[in-house]
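Summary of structural features
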Amino acid sequence: MMHKEDFWWRNSIGYVIYPSAYYDFNGDGVGDLRGIVSKLDYIASLGVDLLWICPFFDSPMDDNGYDVRDYYHVNPLFGSDEDFRLLIKEAHARGIRLLVDFVLNHTSDEHPLFQMALRHPKGKEAGYYYIRKGRRRKGKLYPPNNWKGYFSTSAWKRIEGTDKFYLHLFSEKMPDVNWENKDLRQYYYNVARYYLDLGVDGFRLDAVSHLGKDQSFGDSELPLDEDGMVLDSSKFANREEVFSYLREFREEVLDHYDCLTVAEAGGCLSPEDSLKMSDKEKGSIDMVFNFDCCWCNGAYGSIDKNDNEIHTDVLALKRNFKRWYLATKDHVSSLPLYWCNHDHPRALSQYGDINFRKESGKMLITCLLFQYGTPFLYYGEEIGMSNVTYKSIRDFDIDISAKNASAYFKKLGYKDDRILSFLCRTSRVNGRQPMQWGKKRYASFSKVSPKTKVNPNYKDGVNVEDNEKDPSSILHYERKAAAIRKDPDIHKMIFEGRFAYIDEANYDVFAYCYFHKGEILSVVCNFRSRNIEFYLPNPMDEVLLHNYDGYSYAKDRLILRPFECLVVKGKRHG
Ligand code: NOJ
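Residues numbered from 1 in each chain as written. Predicted model: local features only at pLDDT ≥ 70, side-chain atom pairs only at ≥ 80, totals over all residues. Heavy atoms only, no water.

To continue, consider the site of the ligand. The local shell around the ligand holds 13 residues, among which D63, H106, D206, H342 and D343 are the closest. Separating an oxygen atom of the ligand from a side-chain N or O atom of D63 is a distance of 2.5 Å. R428 places a polar side-chain atom, nitrogen or oxygen, 3.0 Å from an oxygen atom of the ligand. By residue class, the composition of the shell around the ligand is 4 nonpolar, 2 polar and 7 charged. (Near = heavy atom within 4 Å. Polar contact = N/O pair within 3.5 Å; in protein donor to acceptor, adjacent residues only side chain to side chain. Nonpolar A, V, L, I, M, F, W, Y, C, P; charged D, E, K, R; others polar.)

So, on to the environment of D541. By the secondary structure assignment, D541 is in the loop between β19 (532–535) and β20 (542–546). A polar contact is formed between the side chain of D541 and the backbone nitrogen of K571, at a distance of 2.8 Å. (Helix = DSSP H or I, 4+ residues; strand = E, 2+ residues; numbered from the N terminus.)

If you trace the 3 strands from one edge of the open sheet to the other, you get β19-β22-β21, paired in antiparallel fashion. Every interior strand has two partners, whereas the edge strands, β19 and β21 (552–554), have only one. Each strand of the sheet is rotated relative to its neighbour by a mean of 20 degrees, with strand direction disregarded. Note that β19 and strand β22 (residues 557–560) share 4 bridges and pair antiparallel. Bridged to E533 within β22 is I559. (Pairing = 2+ DSSP bridges. Axes fitted to C-alpha atoms, helices over the stretch in contact; angles between N-to-C directions.)

Among the structural elements, D206 can be located in strand β11 (residues 202–206). Contacts of D206, omitting those with residues within four sequence positions, involve Y66, D101, F102, V103, L104, N105, H106 and E264. (Contact = heavy atoms within 4.5 Å.)

To continue, consider the domain arrangement of the protein chain. Its domain assignment divides the protein chain into domain 1 (14–102 + 183–210 + 243–477) and domain 2 (498–571). Summarising the inter-unit geometry, the C-alpha centres of domain 1 and domain 2 are found 29 Å apart. Its largest share of buried area at the contact with domain 2, domain 1 owes to K318, M363 and F370, together 29% of the area lost on that side. Applying the counting criterion to the domain 1 and domain 2 interface returns 1 salt bridge. One salt bridge connects E504 with K322, and the closest N-O pair in it is separated by 2.9 Å. Run the count over domain 1 and domain 2 and you get 11 residue pairs in polar contact (both at pLDDT 80 or more). Of the residues assigned to the side of domain 1 that touches domain 2, the class counts are 14 nonpolar, 5 polar and 5 charged. (Domains from an automatic or database assignment. Buried area = accessible area lost by both parts, 1.4 Å probe. Salt bridge = Lys/Arg side-chain N within 4 Å of Asp/Glu carboxyl O.)

Pasting the structure below:
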């Protein structure tokens, strides 16, 4: 086994890029790999040394690349295989490591293996997928069971001209593959070896929770939705088999490379169960992304709510960060931390406030960056990008999950304006708008009209160019924050110090500290758009980071202004 003893990722700052939205180098309205190469100096300037790039493999793009048609080639929309090799080389030259998004729970229905499976129902490829007979009732054909998938439809799609269906937990153009099949597993191990041999530094493992299914394919007994189906994760999330598949993956492939693996683990994985994947001794992979801090404002499934009913639940945020910290600290080398990725609305719109863009953008970066784990920033967070301002639900049709959700809610009788405000608040389209590089047309993202609309707020300073010029910008603050986070003394305090919340029951302020060798590092973040009085018993000898000028502090009381945050260091007295 290659040795990973230094756990280099503990000291890394990650950055997530959605390739179609980062920078359009060849001028066709879509971001591409050469676009990323051309921005590597900028990326390095953020203190980032670990990139996770969402899928760029050949794909019909039904789910924007998560529907892979050919794992071994770059989608021409994003460039060439040569461009990818260049990206690895140039990233490494700047000390930036690269994670490939490895989609191993499903292929595209246009993948040759699935095409073979359709053509030869008795052939070996048919065993690579879940193909089952439908059920007949009163002469009508129904799916094999009542499972609903993650994209608001049945988890089964009928194979035309037959009485059979295939399982797809996501888009119907993404048939799930059968990890119980030994040959199928070998197929994926070879793909992984191919990328590791090319020089990538590891993988983000897509939808890994779902590799194991309840192979009896019985109906769920949970209460059914209006459409007679139900999304019952227990049938296909975090089942025991997943952990043994991952063990084999490690033994056959990962152990032979010095690489990092970060699993995406949805389906309500508990921190304790996540250790079956990522325990330093007994696990198979290095870190597990959880979803617990993504929706702590009640927005998830909030179709019946109005915007003014959505509030950040700071206590829930603290509870969730803490339960992952406590469960994993003694077992794993690290814990990935993030506010947002391409599957979520923008963090600034969720937990910050566009009326306090600078203050809340800086506060969110601070709150995340100094926690125990490996922070992953999402592109655009460093300049305060926020949710879309679309006026029509049709604008969301660029994403298959939003499109299906609109159709579902329409069928249930919801009016367009309600669906629109729901999507504006929750849709992942929010996190996929073009990066705002400058003030020129299309936010200097592309020379032609981009396939995904640009957020008009690029004209109001939400762009890299203006951020560079403004010494008080989020961008400059992020660079400073990243440098402090990487300071060896601060790193020691975070990883070796004793962690505690300050006034844990406070429902407005997220404040925490580390005690280490007589010193205390305190991080105080006001999550509200109003002044909050906060009792800080810790010493404030040195202010390392602050998103306002000056502060009001007397007799251990801070008067925090809207979204004010501080990182302070001090010696323990007495
Ligand atoms: C998780 C990915 O992050 C998401 O974008 C995708 O739609 C599903 N997995 C299916 O691959």
